[in-house]
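Secondary and tertiary structure notes
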Amino acid sequence: MKYIKLLSINIISIILLLSLVTLLYYFDLIHLNIFNCIKIFITIISIFICSFIISRKNNKKGIITGLIYSLCIIIPLFISSLIFNKFNTKLLLYYLIIITSSMLGGCFSKKIKRSN
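An account of the accompanying structure is given in this report. Keep in mind the model is a prediction, meaning the values are calculated, not measured. (Residues numbered from 1 in each chain as written. Predicted model: local features only at pLDDT ≥ 70, side-chain atom pairs only at ≥ 80, totals over all residues. Heavy atoms only, no water.)

A separate point is the packing of helix H2 (residues 32-57) against helix H3 (residues 62-84). Put simply, H2 and H3 touch, their axes get as near as 9 Å, and they point 130 degrees apart. By the angle class used here, H2 and H3 are oblique. Crossing geometry of H2 relative to H3 is assigned as right-handed. Residues Ile47, Cys50, Ser51, Ile54 and Ser55 of H2 touch H3, and the partners they reach there are Gly62, Thr65, Gly66, Tyr69 and Ile73. Tallied by class, residues from the contact of H2 with H3 come to 5 nonpolar, 5 polar and no charged. (Axes fitted to C-alpha atoms, helices over the stretch in contact; angles between N-to-C directions. Helix = DSSP H or I, 4+ residues; strand = E, 2+ residues; numbered from the N terminus. Parallel < 35°, antiparallel > 145°, perpendicular 65-115°, else oblique. Left-handed = near helix turned anticlockwise from the far one by under 90°. Contact = heavy atoms within 4.5 Å. Nonpolar A, V, L, I, M, F, W, Y, C, P; charged D, E, K, R; others polar.)

What follows is the structure, encoded as structure tokens:
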């Protein structure tokens, strides 16, 4: 239940932030390359923060909690990409970055919790 609640908050925050960035791109306030970098950065930071929060509240190891949270995100994305698009290496790299970001968020949460 914790994962679903935080996942919905994560998805809503990503959608709102990406909508704002898309609006900036639409009015030619940012360049296409910057737009693409910001899209990836928003997703990575949002997943990192949510994994950090959920791992802080959980008693399991941070890396395991981050992995479980990232799989909750990756599995629907992977299935939809198989249905609607062809699978390529760029997409695989994107999924690996999401998994790594989530696992790092979980690990940092446990490090900070342990040092306090």
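From this point, things continue past the structure.
A surface patch of nonpolar side chains, amounting to about 1,000 Å² of accessible area, comprises Leu67, Leu71, Ile75, Phe78, Ile79, Leu82, Ile83, Phe84, Phe87, Leu92 and Leu96. Of all elements in the fold, only H3 and helix H4 (89-115) reach the threshold of two or more residues within the nonpolar patch. Broken down by element, the nonpolar patch gets its largest block of residues, 8 residues, from H3. You can see phenylalanine 84 is positioned in helix H3. Classification of phenylalanine 84 by relative accessible area gives exposed; the value is 67%. (Patch = residues over 30% accessible without salt bridge, like charges linked within 9 Å, V, L, I, M, F, W, Y side chains within 5 Å. Areas by Shrake-Rupley, 256 points an atom, 1.4 Å probe, with all protein chains shown as cover. Salt bridge = Lys/Arg side-chain N within 4 Å of Asp/Glu carboxyl O. Buried < 20%, exposed > 50% of the residue type's maximum accessible area, 1.4 Å probe, protein only.)

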